[in-house]
Amino acid sequence: MRKYKQLLLANKAWSFELKDESPDFFSRQVAGQKPDFLWIGCSDSRVSPEQMTMTPPGGMFIHRNIANLVNDDDMNLMSVLQYAVDVLEVKHVILCGHHGCGGIKAALSGGAPAGPVDDWLGNARAVYHAHTSEIESVADDDARVNRFVEVNVRDQLVRLARTSIVQNRWASGGQLVLHGWVYDLRDGLLKPLLDLDPSKPLDEVKAPERVLV
Ligand SMILES: [Zn+2]
């Protein structure tokens, strides 16, 4: 059987199983969404936010891009953030990097295909230039990429915190916590790096402890 047809077959089995377990599952889905979380992660096929957190449909609003980067002129991410924070009123935003991220590897060593990918990684290269000594202090090649992954999560989380959407929510007293995590491909575990909330001055956010060791 052609592989793409297996997707359709698997989908039928999934739908039948859910209806069997919970006959009103899909009618509840139609009624609307009220997720608790916004997830911002990498597009990498090995990093599956709902699967690895056992989150059912409706539990998570999701945005993914290469290397989980935050640009305040990215209308895709900014509209997702605005809708999640202002309309869905999520209380937690999780920004998650991952072990061995190919986007971060390319930003560190070159090798991204010319064109949109290389242009996109400009943000990650800026993170490298801002923290060159921290990243280059790691001798091992793979460990250096993973340190860059961690420092990148920190910088992107601070960028997220500085957006007008998050700042307005915090100024109005709304509950919203930003979480920076990494996913370790070696053991399937999510490892928290840092949290940001209105009590933490953004100029004082330090580089996180190493967890991808
Ligand atoms: Zn990645």
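Numbering of residues starts from 1 in each chain and follows the order in which that chain's sequence is written. The model is predicted, so local features are restricted to residues of pLDDT at least 70 and side-chain atom pairs to those at 80 or more, both for listing and for counting; the totals for chains, interfaces and linings are taken over all residues. Each side-chain value is derived from all of the structure's non-hydrogen atoms; neither hydrogens nor water enter the calculation.

**A look at the coordination of the zinc ion**
Now for step 1: Around the zinc ion, the donor atoms from the protein are C42 (SG), H98 (NE2) and C101 (SG), and they sit 2.0 to 2.3 Å away.
Now for step 2: For Na, K and Ca the donor cut-off is 3.2 Å, while for other metals it is 2.8 Å, and in both cases only N, O and S atoms qualify; water is not among them, so sites may look incomplete. Mapped onto the sequence, the residues coordinating the zinc ion show the spacing C-x55-H-x2-C.
Now for step 3: Judged by relative accessible area, C101 falls into the buried class, the value being 1%. For each residue, the accessible area found with a 1.4 Å probe, counting protein chains only, is set against the maximum for its type, and the residue is called buried under 20%, exposed over 50%, and partly exposed in between.

**Digging into the domain arrangement of the protein chain**
Now for step 1: As assigned here, the protein chain comprises domain 1 (1–32) and domain 2 (33–204).
Now for step 2: Note that the domain bounds were set by an automatic or database domain assignment. Placing a centre on the C-alpha atoms of domain 1 and another on those of domain 2 gives a separation of 30 Å.
Now for step 3: What makes two residues a contact is simply this: any of their non-hydrogen atoms within 4.5 Å. Contact residues are listed per partner, giving 4 residues for domain 1 and 4 residues for domain 2.
Now for step 4: By definition, the buried area sums, over both parts, the 1.4 Å-probe accessible area that each loses when the two are put together. The contact between domain 1 and domain 2 buries some 270 Å² in all, and 61% of this surface belongs to carbon and sulfur atoms.
Now for step 5: Ranking the residues of domain 1 by area buried against domain 2 places F25, Q29 and G32 at the top, with a combined share of 85%.

**As for the packing of helix α7 (residues 122–130) against helix α9 (residues 141–162)**
Now for step 1: Axis geometry follows a simple rule: fit a line to the C-alpha atoms, using only the stretch in contact for helices, then measure angles between N-to-C directions, giving values from 0 to 180 degrees. Each helix is a run of DSSP H or I of at least 4 residues and each strand a run of E of at least 2, with the numbering of both proceeding from the N terminus. Contact geometry for α7 and α9: axes closest at 10 Å, N-to-C directions at 110°. Judged on the interaxial angle alone, α9 and α7 are roughly perpendicular. Only F148, V151, N152, D155, Q156 and R159 of α9 make contact with α7, whose side of the interface consists of N123, A124, V127 and Y128.
Now for step 2: The class makeup of the residues in the contact of α7 with α9 is 5 nonpolar, 3 polar and 2 charged. Orientation is classified from the angle alone, with under 35 degrees giving roughly parallel, over 145 giving roughly antiparallel, 65 to 115 giving roughly perpendicular, and any other angle giving oblique. Residues are grouped as follows: nonpolar covers Ala, Val, Leu, Ile, Met, Phe, Trp, Tyr, Cys and Pro; charged covers Asp, Glu, Lys and Arg; every other residue, Gly included, is treated as polar.

**So, the nonpolar core**
Now for step 1: Among the buried residues, those of types Ala, Val, Leu, Ile, Met, Phe, Trp, Tyr and Cys that are joined through side-chain atoms within 4.5 Å form a nonpolar core. One finds L38, F148, L160, L178 and L196 to be the most contacted residues of the largest nonpolar core, which totals 49 residues.
Now for step 2: Ranked by the residues each element gives to this core, the list is headed by α9, at 9 residues.
Now for step 3: If sequence neighbours within four positions are ignored, L38 has contacts with F61, I62, V80, L81, A84, V90, H92, V93 and I94.
Now for step 4: Listed in part, the 7 residues of the second largest apolar core include W39, V47, M60 and W181.

**Quick notes on the side chain of R169**
Now for step 1: Within the secondary structure layout, R169 lies in helix α10 (residues 164–171).
Now for step 2: When charges are tallied, Lys and Arg are placed among the positive residues and Asp and Glu among the negative ones, while His and the ends of the chain are skipped. The term salt bridge refers to a side-chain nitrogen of Lys or Arg lying within 4 Å of a carboxyl oxygen of Asp or Glu. One buried charged side chain, R169, makes no salt bridge at all; its nearest oppositely charged neighbour is E89, positioned 4.4 Å away.

**Structural notes on the side chain of H63**
Now for step 1: If you trace the backbone, H63 turns up in strand β2 (residues 60–65).
Now for step 2: Among the polar contacts made by the side chain of H63, one reaches the side chain of N65 at a distance of 3.1 Å. In protein, a polar contact requires one atom able to donate a hydrogen and another able to accept it; more generally it is a pair of N or O atoms within 3.5 Å, and residues adjacent in sequence count only if both atoms are side-chain atoms.

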